[in-house]
Amino acid sequence: MPTVRVAQHLAHQFPIPRKCVAKGRTVAEVIADLERQYPGVSRYLLEDHAALRQHVNVFIGEKPVADRNGLSDPVSEDVDLFIMQALSGG
Amino acid sequence: MRENVLLGTRKGLIVLARSSNGWNVVGEHFVGAQVTYAVVDHRTGRWWACLEHGHWGIKLHRSDDRGATWEEVPAPKYPDGSEISEGKPASTKYLWVLEPGGSGQPQRLYLGTIPGGLFVSDDSGSSWSLHLPLWNHPSRPSWFGGGMDEAGIHSILVDPRDSRHIFVGVSCAGVFETRNGGETWAPRNSGCRADFLPDPEAEIGQDPHSVAMCADHPDVLWQQNHCGVYRSNNAGEQWETISQSDDESPVHFGFVVSADPSNPDEAWIVPAVSDEQRIAVDRALCVCHTLDGGKTWQTYRQGLPQKNCYDFVFRHGLDVDGDRLLFGTATGATFSSDDRGQTWQAVAPHLPPVYSVRFA
C-alpha cells in the first residue's frame, strides 16, 4: 500500500500520524481511505466539492498532483505520497 | 455582568477575565489559527469558535467547559452541485457569524458564511444544512463580495418575540427578512443608498457592514452601512439615515454598530475613514454614542489614542454588557469602558488583529 507522509502542520491541527499507509489506486482513493481511518481528515484536504484545497498540495513521489479537481492521478503500491500545505497559503 | 470576553483574532481565540484591576488576558486557544468569530451560546454556556486555517480550511469547535477542552464538529458544507455562479462551485470559505436560535428552539443555531450561505443546525451544531430558500433566492446571482471575494452573511437577528421572524445582513446584497421561519425572504433596504452602484437606491447590492437589533424593541434595527449609518423603527420596512456631516461628527463610515438591548434610541458605533482608507478618522480613535435614535451623537475620546492612530474596528469588534463596553481593533488594540463608553481604558495593546468581541 502507498505510504502517506503528512506535514507536521496538519498533524498539529488534526490527530493523524505523520506517517501512515492507505490503500488506493488514485489520489482520490487514498484520501478516501485516509478518511475511513481518520474520520474528518478529508475536510482538511478537500473543498466542499471534493477538489483539493487551494492551499494544500499533494506529491506522488516527487511529482505534484496534476488533477487537483478529480484527484485521478494514479498511485502505485510502493510510492510515497506527501500531503503538505502549499506555500501559496502564506 | 459577564465576567469573560472572547476575542476572535488573527492568531487565535484570546480570553479575557474581569478582576478588580480591570480586564486581563487569561487564556488562549487555537494559537496561530484565524478565529473569525467566537461567541458563547448564553442558553447553554457553550463556547463556539469559528476557525479559518488558511491551508486547511474552515473549522468549527465547541467547548462545554469554558475552553478547558474543545470538540471539533463537522463544519458546514455546501451540498454537492451548489454553485456560486454557473460553473463556479460553492465551498465554505469563511464562518462569519454564529447565532443561537430563538425561543422554543433550544438546539437551533445559525451560521452565516462566505460565499453567502446561511446554515442551520437543529442538533446543537452537531450537523448543519444549507438553508435553501435564501440560497435559492432569485436575487442571489447578483450578490457580490465587499472586501471579500464573495458575498457573505455577517449578521443574523432572531426576533425574541417570534423565532420565525429573522433578519440577515449580507455584504453585498442588503438586509433580508423572513416572517415565516425562512420559507420566504424579502429584501428590506428601502432608504439605504449604495453610492458605489450605478443606481444607489437599488434594492439589491446594498452593503450593510453590520446590523443590530434592540432586544427589548425588536422592530428597532440599526445598520452601519458602507455608505452611512441607518436606523429603522419598523422592522426594516424603511431605513432612515442617521449619518452626520463632517462638521457635526465623524458618524458616517465604519463597520460596527452595537444596540443597547433595552433602550431603542441608544447605540454605539466606531467611525473610520471611507472604504478607500479604513483607518481612524483624523488618526484619532473615538466611539460615538446616541441616546435619541441617532438624531444627535456624542463623540467619546477619553482614554483612546488621539495621535498617529490607524486603528479601526471590524463589524463584530465591539460588544455591550450593561454599562460595560469592550472593543478590539484591526491592529490588535483592545479598550474597555465601565461607563457606557464615556471613558476608556487600554486592556492589551499588542494583540493580533481582532475580528470579534463577545462578552461570555
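Our subject in this report is the structure included herewith. (Residues numbered from 1 in each chain as written. Chains lettered and ligands numbered in written order. Predicted model: local features only at pLDDT ≥ 70, side-chain atom pairs only at ≥ 80, totals over all residues. Heavy atoms only, no water.)

### What to know about the overall build of chain B
Inference 1: Within chain B, the regular secondary structure consists of one helix and 30 strands.
Inference 2: For 360 residues, the compact-globule formula gives about 21 Å, and the C-alpha radius of gyration of chain B, at 19 Å, lands near that figure.
Inference 3: Based on the C-alpha atoms only, the size of chain B along its principal axes is roughly 55 × 50 × 40 Å.
Inference 4: When burial is assessed residue by residue, chain B has 62% of its 360 residues classed as buried.
Inference 5: Of the contacts made within chain B by residues no fewer than 6 positions apart, 48% connect residues no fewer than 24 positions apart.
Inference 6: Working note: accessible area of chain B is about 13,700 Å², and carbon and sulfur atoms make up 47% of it.
Inference 7: Across chain B, the mean location of the 29 positive side-chain charges is 4 Å away from that of the 45 negative side-chain charges. (Helix = DSSP H or I, 4+ residues; strand = E, 2+ residues; numbered from the N terminus. Rg over C-alpha atoms; globule rule 2.2 N^0.38 Å. Buried < 20%, exposed > 50% of the residue type's maximum accessible area, 1.4 Å probe, protein only. Contact = heavy atoms within 4.5 Å. Areas by Shrake-Rupley, 256 points an atom, 1.4 Å probe, with all protein chains shown as cover. Lys, Arg positive; Asp, Glu negative; His and termini not counted. Charge placed at Lys NZ, Arg CZ, Asp CG, Glu CD.)

### A few points about the sheet that holds strand S29 (residues 345-348) of chain B
Remark on secondary structure: sheet strands pair via backbone hydrogen bonds, oriented parallel or antiparallel.
Residues and elements named next belong to chain B.
Inference 1: Across the sheet, four strands lie side by side as S26-S27-S28-S29; this open sheet has antiparallel pairing. Each edge of the open sheet is held by one strand with a lone partner, namely strand S26 (318-321) and S29. Strand-to-strand, the axes of this sheet are offset by a mean angle of 25°, without reference to chain direction.
Inference 2: In this sheet, S29 lies alongside strand S28 (residues 334-337) in antiparallel orientation, the contact comprising three bridges. Paired with Phe 335 across the strands is Ala 346, a residue of S29. (Pairing = 2+ DSSP bridges. Axes fitted to C-alpha atoms, helices over the stretch in contact; angles between N-to-C directions.)

### Comments concerning helix H2 (residues 27-37) of chain A
All names here are of chain A.
Inference 1: Among the residues making up H2, those that are buried are Val 27, Val 30, Ile 31, Asp 33 and Leu 34. Around the axis of H2, the buried residues are gathered within 160° of arc, so they sit on the same side.
Inference 2: In this fold, the buried residues of H2 make contact with strand S1 (3-6), strand S2 (19-21), helix H3 (42-45), strand S3 (56-60) and strand S5 (80-85). (Arc of directions from axis to C-beta.)

### Examining the sheet that holds strand S21 (residues 240-241) of chain B
Residue and element names in this part refer to chain B.
Inference 1: Here four strands make up an open sheet; going across it, the order is S18-S19-S20-S21 and the pairing antiparallel. Edge positions in the sheet fall to strand S18 (208-214) and S21, since each of these pairs with one other strand and no more.
Inference 2: Pairing geometry for strand S20 (residues 228-232) and S21, over two bridges, is antiparallel. Opposite Arg 231, over in S21, you have Glu 240 as the bridge partner.

### So, the nonpolar core
Inference 1: In this structure, Leu60(B), Leu98(B), Val168(B) and Phe176(B) are the most contacted members of the largest nonpolar core, which totals 36 residues.
Inference 2: For Leu98(B), the residues in contact, after removing those within four places along its chain, are Tyr37(B), Val39(B), Trp48(B), Cys50(B), Leu60(B), Leu109(B), Tyr110(B), Leu111(B) and Trp128(B).
Inference 3: In this structure, Leu34(A), Leu45(A), Val58(A) and Trp56(B) belong to the second largest nonpolar core, which totals 27 residues. (Core = buried A, V, L, I, M, F, W, Y, C linked by side-chain atoms within 4.5 Å.)

### Looking at the pattern of salt bridges
A side chain of one charge can pair with a side chain of the opposite charge when the charged atoms of the two come close.
Residue and element names in this part refer to chain B.
Inference 1: What the rule picks out here adds up to 25 salt bridges over all chains.
Inference 2: Glu 3 is the partner of Arg 324 in a salt bridge, and the nearest nitrogen-oxygen pair spans 3.5 Å. Here Glu 3 lies in the segment before strand S1 (4-9) and Arg 324 lies in strand S27 (residues 324-328), a separation of 321 residues in the sequence.
Inference 3: For Arg 324, a relative accessible area of 13% gives the class buried.
Inference 4: A network of salt bridges, in which partner residues are shared, links Glu 177, Arg 179, Arg 188 and Glu 237. (Salt bridge = Lys/Arg side-chain N within 4 Å of Asp/Glu carboxyl O.)

### Focus: the environment of Leu197(B)
All names here are of chain B.
Inference 1: By the element assignment, Leu 197 lies in the loop between strand S17 (186-187) and S18.
Inference 2: In this structure, the C-alpha to C-alpha distance between Leu 197 and Ala 284, residues 87 residues apart in sequence, is 30 Å.
Inference 3: Those residues in contact with Leu 197 that sit more than four places away from it in its chain are Phe 144, Ala 202, Ile 204 and Gly 205.

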